[in-house]
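One letter stands for each residue in the lines below.
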Amino acid sequence: MIAPEFPEDLVWLNTDRRYTLRDLRGRFVLIDFWTYCCINCMHVVTDLKMLEERYPELVVIGVHTAKFENEMRVENIEKAIMRYGIEHPVIVDSDRTLWRAYGIRAWPSFVLIAPDGEILGRTSGEGIFSILMPIMEQLIPEYEKRGSLHHGKPAPRATHKGVSGALSFPGKVISGGDNIFIADSNNNRILIVSPDGDLMDVIGSGERGYSDGDFSEARLFRPQGIAIVGDVVYIADTGNHMVRAADLRRRTLVRMAGTGKSRHPGLGGRGAEVSLSSPWDLVFVQDHLYIAMAGSHQIWRMDLEGMVEPYAGSGIEGLADGPLEQARLAQPSGLTTDGNRIYFVDSESSSLRVIDGDVRTLIGRDLFYFGDIDGDFGRARLQHPLGLFYKEGSIYVADTYNHRIKKADLSSGSIHTTAGTGSPGFADGPGAQAAFNEPSGLTFLGDSLFIADTNNHAVRIYDQRSGDVSTMRIDTKK
């Protein structure tokens, strides 16, 4: 079967021109169907780069087919491309034209097209490098013999400049003592700043990768969640699939858990011997560090000696309440606690949930039930929330894809917008007029709510007394 052609009216990103499949004849083409909320789609970015580097005969074309309404905005897709370092051309397929033409049903999915335009096969899920490598090793000599494989100039790959300013796609924030700890995710470091924005210390060299050692030399890769226990800062080193521990007195960073390989975790064990999958957030409760394991749709826990084990979630993606080991989660991405219960946001099911013996859902119904509705928990809707924080009987929620901060009152069972217009933007002022762009981390210090405003590369401050939002001015000159 000849592969369906790319429609002329679709928007192309990450390239200075549009391509047709006819333009790419003589090369293998791998089409990657993805959406930027999907953790599995994030995991395959490295595989795709490895394939293009190993096989110059192969061109990768991304097709972004949105799940959430917010992901249909071209400017948001452009930011996601920059955030995840995607270098190949991307087609915007928000109306699912190509999705239907190729019979796709899940993210991520891949279609391999031969140099003569024939569809060779398709697959879905992770591990695309290990799947395709032996296939390409067989196919390349075969098509060279046929004379249909050409070694001309491939589709160009884009490179992205770093974001100017103190932060680059900050993910999570947490207060500790008198300071604010910021996961400066795309700068691969943790900033420790005063509430006024003065830089107190930096954990990590800023270079992407993995290495232990002194703060100035150690390497992180897109860190997210942070938990503080005494003088130790625990870090969800998301891109490295690890949990790291930073000793503030000795100024050293070491690995506590994770092998560095993204694999579906098994039954647990000694931390350094257990593979983790995109740990996204951390919270410390009663002698255990709880880990939102976004990549395996579970919550794990670790004692301070480094032993880790599954805690909640069967590992099957979905939304189902019940006993801890039977409940289904969907990319849990934020954790908080009242000291006894653990509350979490389950981003792919757009839900707010609680662990109190069993897993119970407060807001949300299923993987495709989302929106922007305040009110009673039973009718309220969120859209891909990534962060939350408990304070005085309420849960503050970073309703990420609705670009709002909401307050869920646990006693009344209702949720209402605290700040944010609901449209992506950047504006300080009264809460109802303030604008955010995919906020994803929250923490309180006194009466101030600090917000990681991810796509604005900023930390914003909501004053609980005045109801106003301002922007933290961070001085990184130390």
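Everything that follows concerns the structure shown earlier in this document.
Quick look at the structure, then. (Residues numbered from 1 in each chain as written. Predicted model: local features only at pLDDT ≥ 70, side-chain atom pairs only at ≥ 80, totals over all residues. Heavy atoms only, no water.)

Considerations on a negative patch on the surface
A contiguous patch of negative charge on the surface is contributed by Glu5, Glu8, Asp9 and Asp95. By relative accessible area, aspartate 95 is classed as exposed at 62%. (Patch = residues over 30% accessible without salt bridge, like charges linked within 9 Å, V, L, I, M, F, W, Y side chains within 5 Å. Areas by Shrake-Rupley, 256 points an atom, 1.4 Å probe, with all protein chains shown as cover. Salt bridge = Lys/Arg side-chain N within 4 Å of Asp/Glu carboxyl O. Lys, Arg positive; Asp, Glu negative; His and termini not counted. Charge placed at Lys NZ, Arg CZ, Asp CG, Glu CD. Buried < 20%, exposed > 50% of the residue type's maximum accessible area, 1.4 Å probe, protein only.)

Section: helix 3 (residues 74-83)
For helix 3, the complete set of buried residues consists of Asn76, Ile77, Ala80, Ile81 and Arg83. Along the axis of helix 3, the buried residues cluster in a sector spanning 165°; they form a single face. Packing partners of the buried residues in helix 3 comprise strand 1 (11-13), strand 2 (28-34), strand 3 (58-64) and strand 4 (90-92). Backbone geometry just after helix 3 places glycine 85 at a positive phi near 65°. (Helix = DSSP H or I, 4+ residues; strand = E, 2+ residues; numbered from the N terminus. Arc of directions from axis to C-beta. Contact = heavy atoms within 4.5 Å.)

A word on the sheet that holds strand 27 (residues 394-399)
Sheet strands associate in pairs through backbone hydrogen bonding, adopting either a parallel or an antiparallel arrangement. In spatial order, the strands read 25-29-28-27-26; together these five strands make up an open sheet with antiparallel pairing. A strand with exactly one partner marks an edge of an open sheet, and here the two such strands are strand 25 (375-376) and strand 26 (387-391). Bridge count for strand 25 against strand 29 (residues 414-419) is two bridges, and the pairing is antiparallel. Residue pairing in the sheet places aspartate 376 in a bridge with serine 414 of strand 29. (Pairing = 2+ DSSP bridges.)

Concerning the pattern of salt bridges
Think of it this way: side chains of opposite charge can pair up when their charged atoms draw near. A full pass over the atoms with the stated rule returns 26 salt bridges. Of the charged contacts, one joins aspartate 23 and arginine 17 as a salt bridge, the two residues approaching to 3.0 Å between their closest N and O atoms. Of the residues examined, aspartate 23 reaches a relative accessible area of 43% and is grouped as partly exposed. Overall, the relative accessible area of 38% leaves arginine 17 in the partly exposed class. Ionic pairing is found between arginine 465 and aspartate 463, a salt bridge with its closest N-O pair at 3.6 Å.

Digging into the sheet that holds strand 16 (residues 269-270)
In space, the five strands of this open sheet follow the order 16-20-19-18-17, with antiparallel pairing throughout. What marks the edges here is a single partner per strand, and that holds for strand 16 and strand 17 (279-285). Looking at chain direction, strand 18 (residues 288-293) and strand 19 (residues 298-303) are connected through six bridges and run antiparallel. Bridged to histidine 288 within strand 19 is aspartate 303.

Re the pairing of strand 23 (residues 351-356)
Counted residue by residue, strand 23 has five buried out of six residues, so it is predominantly covered. As paired elements, strand 22 (residues 342-346) and strand 23 share five bridges and run antiparallel to each other. Residue tyrosine 343 lies in a different strand from strand 23, and its bridge partner there is valine 354. Counted between consecutive antiparallel strands, the loop separating strand 22 from strand 23 contains four residues, among which serine 350 sits at a positive phi close to 50°.

Structural notes on the layout of surface pockets
Space inside the largest pocket adds up to approximately 930 Å³. The dominant element in the lining of the largest pocket, judged by the number of residues it contributes, is helix 2 (residues 45-54), at five residues. When grouped by side-chain class, the residues that make up the lining of the largest pocket number 13 nonpolar, 20 polar and nine charged. (1 Å grid on protein atoms, 1.4 Å probe; cavity = no way out; pocket = protein on both sides within 12 Å on 5 of 7 lines; lining within 4 Å. Points joined across faces, edges and corners; volume = space filled by probe spheres on them. Nonpolar A, V, L, I, M, F, W, Y, C, P; charged D, E, K, R; others polar.)

As for the nonpolar core
Ranked by size, the top nonpolar core spans 44 residues in total, and within it Ile31, Phe33 and Tyr102 carry the most contacts. Looking at this core, the elements with two or more residues in it are strand 1, strand 2, helix 1 (39-43), strand 3, helix 3, strand 4, helix 4 (97-101) and strand 5 (109-113). A per-element tally of this core places strand 2 first, with four residues. Ignoring any residue separated from it by four or fewer positions in sequence, one finds tyrosine 102 in contact with Ala3, Pro4, Leu21, Ile31, Phe33, Val111, Ile113, Ile119 and Arg122. Counting residues in each nonpolar core, the second largest holds 19 residues, with Leu132, Leu139, Tyr143 and Leu149 among its members. (Core = buried A, V, L, I, M, F, W, Y, C linked by side-chain atoms within 4.5 Å.)

Thoughts on unusual backbone geometry
Phi is mostly negative for residues that are not glycine, and the peptide bonds are mostly trans. With an omega of -15°, the peptide bond running from tryptophan 107 to proline 108 counts as cis. Positionally, proline 108 belongs in the loop between helix 4 and strand 5. A positive phi angle is found at aspartate 287, which is not glycine, with a value near 75°. Along the chain, the position of aspartate 287 falls in the loop between strand 17 and strand 18. Judged by its relative accessible area of 58%, aspartate 287 falls in the exposed class.

Remarks on the environment of threonine 46
Structurally, threonine 46 can be placed in helix 2. Look at threonine 46 and you get partly exposed, because its relative accessible area is 37%. With 82 residues separating them in the primary sequence, threonine 46 and isoleucine 128 have C-alpha atoms 9.9 Å apart.

Comments concerning the pairing of strand 18
Burial analysis of strand 18 places five of its six residues in the buried class, which makes it a mostly covered element. The turn linking strand 17 back onto strand 18 is made up of two residues, and glutamine 286 within it adopts a positive phi angle of 45°. Counted between consecutive antiparallel strands, the loop separating strand 18 from strand 19 contains four residues, among which histidine 297 sits at a positive phi close to 55°.

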